[in-house]
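Chain and residue survey
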Amino acid sequence: MMKRLTAAAVAATLGFFAIGPAPAKADDAYWQCVTFARMFSGINIFGDAWTWWRQAVDKFRTGRAPETGSVLVFQPNGRMDKGHVAVVSDILTDRVIRVTHANWGGSRGKVEENVTVVDVSPSGDWSRVKVWYNPINALGTTVYPTYGFVYKGARDAFDNGRQMAAAAVNEPRAAN
């Protein structure tokens, strides 16, 4: 019995190491941030990252507070001349979130999961952020301007729901 358990443990260990991470190949997918954000968030916007904000204002809810699944839209800045988009994967505090995004800094064309982003704006409105930078294993030194967050769900549905809620509050109640 003990020999069988030992043999099973050795086989499982060898099998685990045989399934380790596969090395990168030349034909691996090269992800652009917009393609990834659209697929990962379900927010169906096309075009360069910086155009997402303008497109979203009429079609989606937008705002200055993170929600899980929303997309943070970065303004063009320096070498990032087409902006950037990142999907909020977790909210840690009112000024610290994690995002999942593609094609950022030291991970060109690759997806990075749960990357820390810190709001460094004076008013706490997420208009200026710093992003964790893997090559230095620390929060980056660059401050990036952002437009804000695009939330999943059409603006019309949100506005209709708000109007229905307001009507329900203002509607006189029937006497019992």
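Note that the structure is predicted; figures quoted are calculated from it, not measured.

Helix and strand counts for the protein come out as 4 helices and 8 strands. Written out in order from the N terminus, the α and β elements of the protein read α-α-α-β-β-β-β-β-β-β-β-α. The burial tally for the protein puts 32% of its 176 residues in the buried class. Partitioning the contacts of the protein with sequence separation of at least 6, the portion at a separation of at least 24 is 49%.

A word on the nonpolar core. Of all hydrophobic cores here, the largest spans 16 residues; its most connected members are Phe74, Ile97, Val117, Val129, Val131, Tyr144 and Phe149. Taken together, the elements giving at least two residues each to this core come down to β2 (71–74), β3 (84–93), β4 (96–104), β5 (107–119), β6 (128–133) and β8 (144–154). Formed by 15 residues, the second largest nonpolar core is a distinct cluster that contains Ala37, Trp52, Val71 and Val73.

Once that is clear, we can look at the packing of aromatic side chains. When we look at a pair of aromatic rings, we describe it by the centre distance and by the angle of the planes. If you walk through the whole model with that rule in mind, you get 7 aromatic pairs. When the ring of Trp31 is compared with that of Phe36, the centres are 5.8 Å apart and the planes differ by 80 degrees; the resulting orientation is edge-to-face. Ring plane angle 20 degrees and centroid distance 5.0 Å describe the contact between Phe36 and Phe40, whose orientation is recorded as stacked. You can see Phe36 and its partner Phe40 sitting in helix α2 (residues 33–41), 4 residues apart, about one turn around the helix. Of the residues examined, Phe40 reaches a relative accessible area of 46% and is grouped as partly exposed.

Averaged over every residue, the pLDDT of the protein is 81; residues scoring 70 or more account for 71%. Note on residues 2–26: pLDDT under 50 across the span, and 1 contact to partners over four residues away in sequence or across chains. Counted against residues more than four places away or in other chains, residues 156–162, with its pLDDT under 50, gives 1 contact.

Turning to unusual backbone geometry, a few remarks are in order. With a phi close to 60 degrees, Asn103 is a non-glycine residue in the positive phi region. With respect to the helices and strands, Asn103 occurs in strand β4.

All told, the structure shown has 2 salt bridges when counted by the stated rule. Between Arg61 and Glu67 there is a salt bridge, and its shortest N-O distance comes to 3.1 Å.

Of the voids in this model, the largest pocket is the one considered here, and its volume is about 610 Å³. As for the largest pocket, its lining consists of 27 residues, and the residues nearest its centre are Met80, Trp104, Gly105, Arg108 and Tyr144. Those elements that place two or more of their residues in the lining of the largest pocket are α2, β4 and β6. Considered class by class, the residues forming the lining of the largest pocket number 10 nonpolar, 12 polar and 5 charged.

Glancing now at the pairing of β4. β4 sits mainly inside the fold: 7 of its 9 residues count as buried. Remark: 2 residues form the turn of the hairpin made by β3 and β4, two consecutive strands paired antiparallel. Pairing analysis gives 7 bridges linking β4 to β5, with the strands arranged antiparallel. Each residue of the ladder has a partner; that of Ala102, found in β5, is Val111. Counting the residues between successive antiparallel strands, the hairpin from β4 to β5 contains 2 residues, one of them, Gly105, with a positive phi of roughly 45 degrees.

Criteria and cut-off values
Residues numbered from 1 in each chain as written. Predicted model: local features only at pLDDT ≥ 70, side-chain atom pairs only at ≥ 80, totals over all residues. Heavy atoms only, no water. Helix = DSSP H or I, 4+ residues; strand = E, 2+ residues; numbered from the N terminus. Buried < 20%, exposed > 50% of the residue type's maximum accessible area, 1.4 Å probe, protein only. Contact = heavy atoms within 4.5 Å. Core = buried A, V, L, I, M, F, W, Y, C linked by side-chain atoms within 4.5 Å. Phe/Tyr/Trp six-rings, centres within 6.5 Å; stacked < 30°, edge-to-face > 60°. pLDDT = per-residue confidence, 0-100. Salt bridge = Lys/Arg side-chain N within 4 Å of Asp/Glu carboxyl O. 1 Å grid on protein atoms, 1.4 Å probe; cavity = no way out; pocket = protein on both sides within 12 Å on 5 of 7 lines; lining within 4 Å. Points joined across faces, edges and corners; volume = space filled by probe spheres on them. Nonpolar A, V, L, I, M, F, W, Y, C, P; charged D, E, K, R; others polar. Pairing = 2+ DSSP bridges.

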